[in-house]
Amino acid sequence: MESHHRNHLNPAFVGDDGRSTASTVDISATSPPAPRENAVSDQEAGKLPEERATWGKGVEFLMSCIAMSVGLGNVWRFPFTALDNGGGAFLIPYLIVLFLIGKPIYYLEMVIGQFSSRGSVKVFDLCPAMKGVGIGQVISISLVTTYYVGIMGITLRYLFDSFRSPLPWSECREEWQSTCVASSQGNTSRMTSLGMDMERLQSQRQSQPVASAELYFLKEVLHEKPNIEDGIGMPNWELVLGLFIAWACVFFIIRRGVKSSGKASYFLAIFPYVVMGVLLVRAVSLPGSIDGIYYFIRPQWGKILDPKVWYAAVTQCFYSLSVCFGNIIMYASYNKFGHNVHRDAMIVTSLDTVTSLLAGCTIFGILGHLAHEIGTDDIGTVVKGGAGLAFISYPDAIAKFKNLPQIFSVLFFLMLFVLGIGSNIAMTSCSVTAIRDRFPNFKQWQCSLLIAVVSFIIGLIYVTPGGQYMLTLVDFFGASMIALVLGIAELYTIGWIYGTDRLCKDIEFMLGMKVGLYWRLCWSIITPLIMTIILVYFYATYQPLTYNNIVYPSWAYNIGWTITAFGILQLPIWMVVAIVRDPGRTLGAKIRGAFTPKKNWGPMDPLLREQYHKEIENELTPKRGQGVWAAIKQNIFG
């Protein structure tokens, strides 16, 4: 036993305690070798541990997951989703959904990534016919990456502007006409109108004044068009510069893979909490802030049975944690084999929720002060969700600070930038890992540079006058629709084709711990069932996408549906490819083979994989041929 440990102390298979993870299973030095049915595949797999990097420390993985999952959605999406869906009462369905969907999927993806040391595409060696799920998810996350960094470009523009005195959005400009009211003074609560399209804004210009913070965002930063019937226009050079700097930061951090991104994760994960803490302390010290926080957490119990509230809870949890996009699988694949991912999954999912609440209290504390300053008791009139919070409501509030508003503006936009970069590093790394798993000779820095350049070029469409129209379009058709369908396919694949029971045995083999009934029920029944209901509800209530109440031209909808089809059709295309490529002699044999794990599936370490195959075969052989109901019971309860 000792000789095996000495000869096999590859860093990828040394636990966090410094001991070889081979000690978690009984590997006998005298055991005869198992038949090598796929010698070439095993030989190739045997080389991978030397080539695949691992996190320098286990805490780097944890920090990277925190930086990935805690992002813009926590700061500008959660507070207003909660507010629109019952306030404090929204926490009840959200916490239920967190325990039935968020935590189970997060833990599931961490497990299969670490167990196999494979990225989000290659991990589907567990069921080759479903490889299209992984490819579709990479397409989806690549699309998200392009516009996410576009938002970072706008954030950088505001960050640089925050050093100017006075703040450029705090005062009106001559070209904005006489209806502008300076955000630094006066009642602007009913003047911000992000939910109002440009044509209505212009038509009401004579009758309703508009805050300078909003006009600055629409006219100076976005140069936004009333519609995109005649195209989206040319990129704004200032935003192009911000886009370039953001991509340069991403490339610099991921150029050496987890070796460099792991070191950066400490700053990316911790710094936003420092800033959030400073802003929260400042917020609660302002007059009127407590009213704003109470407005945020006040429960509206009448909404708790509304299906829209539960739908909002599921989608918020799904996208906030970044599950079913492949990021978590990718990060976990760089773990050492015996790392305690159960602990990390619980920490990240809980911290994500706490962060959302902390951000909500901070934001609404400042908006409560804004309402107090302008003399209104209706805090809802100063609230704008999404990008409207970051680039209109918050700057409008900051402009009214009497002492050094620049400091709090710099802190806020720097926090947003760091949050965005942390999430984007995970998304870009997911694409890099998928490519390098397929083409291992492609160097990390080369692949990272290629993706950064291509994404930068695509991202130029988001910094045009029609950029926000395109961002909304791609987010809906390229992220939401693709991720939901492929996420459900992933859950059924792992829960029923690969099998919940086998997954639980893999966890026991890897971590040496039994899997409880809660996890089994969630993975096999509850989580995939809820996600399926959400998908049905999504299509049943589908309405054509609009941007600020403006209907898109037909060519834009055609682009959107083409993107969706391209992502989802990866599933049947690669299923056919897997069946055709399978060496089986008959069609039935080919189909069975395509839905069976590859011969080299399992731990990357050859000795561990050999032992795993013996144990799993001994476990599965007695269960075969028992009938359908017995197999279902076995899969769920073990």
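Just so you know, these numbers come straight off a predicted model, no measurement behind them. (Residues numbered from 1 in each chain as written. Predicted model: local features only at pLDDT ≥ 70, side-chain atom pairs only at ≥ 80, totals over all residues. Heavy atoms only, no water.)

Peer 1: Mind showing me how you'd approach the overall build of the protein here?
Peer 2: Scanning the protein for helices and strands turns up 24 helices and 4 strands. The proportion of buried residues among the 638 residues of the protein is 59%. Accessible surface for the protein amounts to roughly 25,600 Å². Of this, 63% is attributable to carbon and sulfur atoms. (Helix = DSSP H or I, 4+ residues; strand = E, 2+ residues; numbered from the N terminus. Buried < 20%, exposed > 50% of the residue type's maximum accessible area, 1.4 Å probe, protein only. Areas by Shrake-Rupley, 256 points an atom, 1.4 Å probe, with all protein chains shown as cover.)

Peer 1: Looking at this structure, I do not really get the state of the cysteines. What am I missing?
Peer 2: For the coordinates displayed, the defined rule picks out 1 disulfide. Between Cys172 and Cys180 runs a disulfide, and the two sulfur atoms are separated by 2.0 Å. Every disulfide takes its handedness from the sign of the S-S torsion; for Cys172 and Cys180 that torsion is -85°, giving left-handed. A relative accessible area of 32% places Cys172 in the partly exposed class. (Disulfide = S-S within 2.5 Å.)

Peer 1: How should I be thinking about the packing of aromatic side chains in this particular structure?
Peer 2: Centre-to-centre distance and the angle between the planes together describe a pair of aromatic rings. Counted under the stated rule, the structure contains 46 aromatic pairs. Here Tyr158 and Trp169 contribute two aromatic rings whose centre-to-centre distance is 5.3 Å and whose plane-to-plane angle is 40°, an arrangement assigned as tilted. A residue pair is termed long-range when its members are at least 10 positions apart, and Tyr158 in helix 6 (residues 131-161) and Trp169 in the loop between helix 6 and strand 1 (180-181) qualify at 11 residues. The pair formed by Tyr158 and Trp169 is uniform in burial state, with each residue classed as buried. Members of the aromatic cluster, joined through ring pairs, are Trp76, Tyr158, Trp169, Tyr216, Phe217, Phe391, Tyr394, Phe412 and Phe413. Geometry around Phe99 places Lys103 over its ring, the cationic atom sitting 5.3 Å from the centre. Over the aromatic face of Phe401 sits the side chain of Arg282, whose NZ or CZ is 5.3 Å from the ring centroid. (Phe/Tyr/Trp six-rings, centres within 6.5 Å; stacked < 30°, edge-to-face > 60°. Lys NZ or Arg CZ within 6 Å of the ring centre and 35° of its normal.)

Peer 1: I keep staring at helix 21 (residues 570-581) and nothing clicks. Help me out?
Peer 2: For an α-helix the count is 3.6 residues per turn, leaving residues at separations of three or four pointing the same way. Helix length check: helix 21 (12 residues) gives 16 Å between terminal C-alpha atoms against 16 Å at 1.5 Å per residue, within 8%. For helix 21, the full list of buried residues reads Gln570, Leu571, Ala578 and Ile579. Looking down the long axis of helix 21, one finds its buried residues gathered within 155° of arc, a one-sided arrangement. As for helix 21, its buried residues are in contact with helix 6, helix 18 (467-511), helix 20 (554-568) and helix 22 (587-594). (Expected span 1.5 Å × (residues − 1). Arc of directions from axis to C-beta. Contact = heavy atoms within 4.5 Å.)

Peer 1: Please explain helix 17 (residues 444-459) as it appears in this structure.
Peer 2: Counted at 1.5 Å a residue, the expected span for helix 17 with its 16 residues is 22 Å, and the 22 Å between its end C-alpha atoms agrees. Listing the buried residues of helix 17 in full gives Gln444, Cys447, Ser448, Ile451, Ala452, Ser455, Phe456 and Gly459. Within helix 17, the buried residues cover an arc of 160° as seen down the axis, which keeps them to one side. The secondary structure elements touched by the buried residues of helix 17 are helix 6, helix 9 (237-254) and helix 16 (405-438).

Peer 1: What's the story with a nonpolar patch on the surface in this structure? I'm lost.
Peer 2: Together, Tyr492, Trp496, Ile525, Leu529 and Ile533 make up an exposed nonpolar region whose accessible area comes to about 440 Å². When contributions to the nonpolar patch are tallied by element, the ones reaching two or more residues are helix 18 and helix 19 (517-540). Examining the composition of the nonpolar patch, we find that 3 residues originate from one element, helix 19, more than from any other. Position of Trp496 relative to the elements: it lies in helix 18. Residue classification places Trp496 among the partly exposed residues on the basis of a relative accessible area of 33%. (Patch = residues over 30% accessible without salt bridge, like charges linked within 9 Å, V, L, I, M, F, W, Y side chains within 5 Å. Salt bridge = Lys/Arg side-chain N within 4 Å of Asp/Glu carboxyl O.)

Peer 1: Any chance you could explain the environment of Asp161 here in plain terms?
Peer 2: Among the secondary structure elements, Asp161 is positioned in helix 6. Put simply, Asp161 and Val410 are 249 residues apart on the chain and 8.7 Å apart in space, counted from C-alpha to C-alpha. The contact partners of Asp161, leaving out residues within four places of it in the chain, are Leu167, Pro168, Trp169 and Tyr216.

Peer 1: What should I look at first to understand the nonpolar core in this one?
Peer 2: Nonpolar side chains in soluble globular proteins tend to be buried together. Counting 185 residues, the largest nonpolar core has Tyr106 and Phe412 as its most contacted members. With 25 residues, helix 18 is the largest single contributor of residues to this core. If we ignore the near neighbours within four places in the chain, the residues touching Phe412 are Val75, Leu279, Ile363, Ala390 and Tyr394. Membership of the second largest hydrophobic core comes to 5 residues, among which are Ile135, Val138, Ile139 and Ala434. (Core = buried A, V, L, I, M, F, W, Y, C linked by side-chain atoms within 4.5 Å.)

Peer 1: Just checking my understanding: could you explain the pattern of salt bridges for this structure?
Peer 2: Side-chain pairs of opposite charge can arise whenever the charged atoms involved come near each other. Summed over the entire model, instances satisfying the criterion amount to 14 salt bridges. In this structure, Lys122 engages Asp125 in a salt bridge whose closest nitrogen and oxygen atoms are separated by 3.7 Å. When its relative accessible area of 29% is taken as the criterion, Lys122 is described as partly exposed. If you follow the salt bridges from partner to partner, you end up with Arg118, Lys122, Asp125 and Lys598 in one network.

Peer 1: Just to check I follow, could you spell out the side chain of Glu490 for this structure?
Peer 2: For Glu490, the location among the structural elements is in helix 18. Although Glu490 lies buried, it forms no salt bridge, and the closest oppositely charged side chain, Arg118, sits 15 Å away as judged by the N-O distance. Setting aside anything within four residues of it in sequence, one finds Glu490 in contact with Glu109, Phe124, Val133, Gln137 and Cys324. (Lys, Arg positive; Asp, Glu negative; His and termini not counted.)

Peer 1: Even after reading the chapter, I still don't get the confidence of the model for the protein, so can you show me in this structure?
Peer 2: Detailed reading of the predicted coordinates is not advisable wherever pLDDT falls low. On average, residues of the protein score 84 in pLDDT, and 87% of them reach the 70 mark or higher. Here residues 1-14 is modelled with pLDDT under 50, and outside its nearest four sequence neighbours on either side it reaches 36 contacts, counting other chains as well. (pLDDT = per-residue confidence, 0-100.)

Peer 1: Could you clarify how one ought to interpret the side chain of Gln137 in this entry?
Peer 2: Structurally, Gln137 can be placed in helix 6. Of the polar contacts made by the side chain of Gln137, one reaches the backbone oxygen of Cys324; its length is 3.1 Å. For Gln137, the residues in contact, after removing those within four places along its chain, are Cys324, Phe325, Gly326, Leu486, Gly487 and Glu490. (Polar contact = N/O pair within 3.5 Å; in protein donor to acceptor, adjacent residues only side chain to side chain.)

Peer 1: Explanation requested: the packing of helix 4 (residues 72-84) against helix 14 (residues 341-374) in the structure shown.
Peer 2: Packed helix pairs are characterised by how far apart their axes lie and by the angle those axes make with each other. With their axes 8 Å apart at the nearest point, helix 4 and helix 14 run at an angle of 80° to one another. Here helix 4 is positioned roughly perpendicular relative to helix 14, judged by the angle of their axes. Across the interface between the two elements, Asn74, Val75, Phe78, Pro79, Phe80 and Leu83 of helix 4 pack against Asp352, Thr355, Ser356, Leu357, Ala359, Gly360, Ile363, Phe364 and Leu367 of helix 14. (Axes fitted to C-alpha atoms, helices over the stretch in contact; angles between N-to-C directions. Parallel < 35°, antiparallel > 145°, perpendicular 65-115°, else oblique.)

Peer 1: Where do I start with unusual backbone geometry in this structure?
Peer 2: Trans peptide bonds make up most of the peptide bonds, and negative phi angles are found at most residues other than glycine. With omega at 0°, the peptide bond leading from Ser165 into Pro166 counts as cis. The residue Pro166 is located in the loop between helix 6 and strand 1 in this model. You will see that Ser117, though not glycine, has its phi angle at about 55°, which is positive. Tracing the backbone shows Ser117 in the loop between helix 5 (91-116) and helix 6.

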